[in-house]
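If you want the building blocks of each chain, they are given just below.
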Amino acid sequence: MKKLDDLIWGVTIAAAQTEGAYDKDGRGPSIWDTFTQKKFRIKDGSNAKVATDFYHRYKEDIDFTVAIGLKIFRFSISWSRILPEGTGKVNQKGIDFYNKVIEYCLEVGVEPWITTYHWDLPQILQDQGGWTNRKIIDWYVEYVTILRDNFADRVKYWILINEGIVCMGGGYFLGVHAPGKRGIRNFLASTHHLLLSQAKGFKILKEKQGLKVGTAISCTKIDPYQDTIRDQKAAKRLDTLMNRLFIEPHLGLGYPDDDLPILKRMAKYYKIGDLEALRTDFDFWGIQTYAREVVRSAWYVPYLGAMRVKPKKRGVATSIMGWETYPKGISDFLERFAKYDSQKPLWLSECGMALAKDEDEQHRIEYYQKVIEEMKAIIHKGVNLKGVLLWTLVDNFEWAEGYLPKFGIIALDRKTLKRTMKPSAIWLQKYLSTIKAAIIAER
Ligand code: BGC
């Protein structure tokens, strides 16, 4: 049986949250560049023009990764750096940058993983409707083909879309993330096109032999407030939206519209063959989970009929994100996904905890101790978990929350851009040095 020591540890970062260098070397503007310019969208009024300056400091960050004992470095590609006009002319300097990141990872013995899309669409494509425009399937295919042709000779592990529900829900339904669009029509159209794009992207990457191609799914534990049928049904609707919508169509199960009737309206965007085209046998699933929500029935909330019961009202502490941190979700979701397919390799491709400035690091250490307990329990049950990637290395631009939440195990001085290992990084370094030197993901 697999042991805790067999799990591979790594870290995840994303381009829009770290790279900075927003107008350097031919990069075009992304929807997050536009969104951060609008008033009152970002809590601390900040933007990601500099972010952690990963663009210039990638070596330092990869060195930290090695020093801590992490074996995987998952980063995302900025579409606007590769194709400043969204499609068409390739920006060689963008390709050069990611080549340098990949080469350096390999040089120091870290496995590079690529995420093709972590929420930063080129603005020029958004001007044509972004994910609501069906043409995006072709745009995405063009982009992924370029990534494959340039990087797949050295990068074996790929994640296509990071957390569909968060970028479609935040960006095209609630309007709290870029591009700030709202409404059910935007949400349904963009979701369908995103899933179709992902399915096609999978095929494009798999044309190259030997690649391991997966998706990263956001999972939020949803519980009913009271033990009543109405609250249970409300919880089921929200759970369907949050935890099933972005995987079940790929499994050939169609859209889960029995449990969330508004999804029947998705049919408006179908073309013949779409449901079949969505089927995708990913090489692995990346599970990402942070928090739990408790909901009650609320007839006046359109489409969902469910309302969040704030943790405060339930007497539960929250992190600076306003979330109930919920490590228990790790075993819940890994087990749940293993029920879809017990053989499918699973990765905990993100987990982490945000602290406020000056908040005691001991909380993060305890959080990761719980993560380890959760993983131990789940491998004991025989679930095919391969490893864990932390969110995240260096404190960075946390989307609409700006720089207020600190998810990193390394602190960033935003003036000098100096990085300093936090107690949690030192704790982790110690932990990782005590376990058997993890083998790098089989190449
Ligand atoms: C996302 C990250 C984000 C983190 C914390 C994940 O959903 O992939 O980009 O920073 O959660 O909110």
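Residues numbered from 1 in each chain as written. Predicted model: local features only at pLDDT ≥ 70, side-chain atom pairs only at ≥ 80, totals over all residues. Heavy atoms only, no water.

This part covers the site of the ligand. Inspection of the region around the ligand gives 13 residues, with Q17, H118, E163, E350 and E398 positioned closest. A distance of 3.5 Å separates an oxygen atom of the ligand from a polar atom in the side chain of Y290. W399 places a side-chain nitrogen or oxygen 2.9 Å from an oxygen atom of the ligand. Burial of the ligand by the protein amounts to 95% of the accessible area it has alone, namely 310 Å². Judged by its atoms lying within 2 Å of the grid points, the ligand is housed in the largest pocket. Of the residues in the shell around the ligand, the class split is seven nonpolar, three polar and three charged. (Near = heavy atom within 4 Å. Polar contact = N/O pair within 3.5 Å; in protein donor to acceptor, adjacent residues only side chain to side chain. Areas by Shrake-Rupley, 256 points an atom, 1.4 Å probe, with all protein chains shown as cover. 1 Å grid on protein atoms, 1.4 Å probe; cavity = no way out; pocket = protein on both sides within 12 Å on 5 of 7 lines; lining within 4 Å. Sits in = over half its atoms within 2 Å of the grid points. Nonpolar A, V, L, I, M, F, W, Y, C, P; charged D, E, K, R; others polar.)

Let us now look at a nonpolar patch on the surface. On the surface, W299, Y300 and M307 cluster together into a nonpolar patch covering about 390 Å² of accessible area. Among the residues examined, M307 registers a relative accessible area of 31% and is labelled partly exposed. (Patch = residues over 30% accessible without salt bridge, like charges linked within 9 Å, V, L, I, M, F, W, Y side chains within 5 Å. Salt bridge = Lys/Arg side-chain N within 4 Å of Asp/Glu carboxyl O. Buried < 20%, exposed > 50% of the residue type's maximum accessible area, 1.4 Å probe, protein only.)

Taken as a whole and assessed by the stated rule, the structure comprises seven cavities of 30 Å³ or more. Reported here for the largest cavity is a volume of approximately 100 Å³. Taken together, 13 residues line the largest cavity, and the ones lying closest to its centre are A15, A16, R27, D33 and A48. Among the secondary structure elements, those contributing two or more residues to the lining of the largest cavity are α1 (15-18) and α2 (31-37). Considering only residue class, the lining of the largest cavity consists of five nonpolar, three polar and five charged. The computed volume of the second largest cavity comes to approximately 60 Å³. (Points joined across faces, edges and corners; volume = space filled by probe spheres on them. Helix = DSSP H or I, 4+ residues; strand = E, 2+ residues; numbered from the N terminus.)

Below, the discussion takes up the environment of P423. Inspection of the secondary structure puts P423 in helix α14 (residues 423-434). A relative accessible area of 45% means that P423 is categorised as partly exposed. Here the alpha-carbon distance between P423 and T34, two residues 389 residues apart in the chain, equals 36 Å. Residues contacting P423, with those up to four places away along its chain left out, are E361 and I365. (Contact = heavy atoms within 4.5 Å.)

Moving on, we come to the pattern of salt bridges. Scanning the entire structure with this criterion turns up 31 salt bridges. Ionic pairing is found between E350 and R74, a salt bridge with its closest N-O pair at 3.9 Å. Residue E350 is located in strand β9 (residues 346-350), and its partner R74 is located in strand β2 (residues 72-76); the two are separated by 276 residues in the primary sequence. Each of the two residues, E350 as well as R74, counts as buried. For E276, the salt bridge is made with R279, and the minimal N-O distance between the two is 3.4 Å. Classification of E276 as exposed rests on a relative accessible area of 54%. A residue is classified by how much of its surface remains accessible, and R279, at 42% relative accessible area, is partly exposed. Connected through salt bridges with shared partners, the residues K221, D223, R292, R314, E324, K328 and D332 form a single ionic network.

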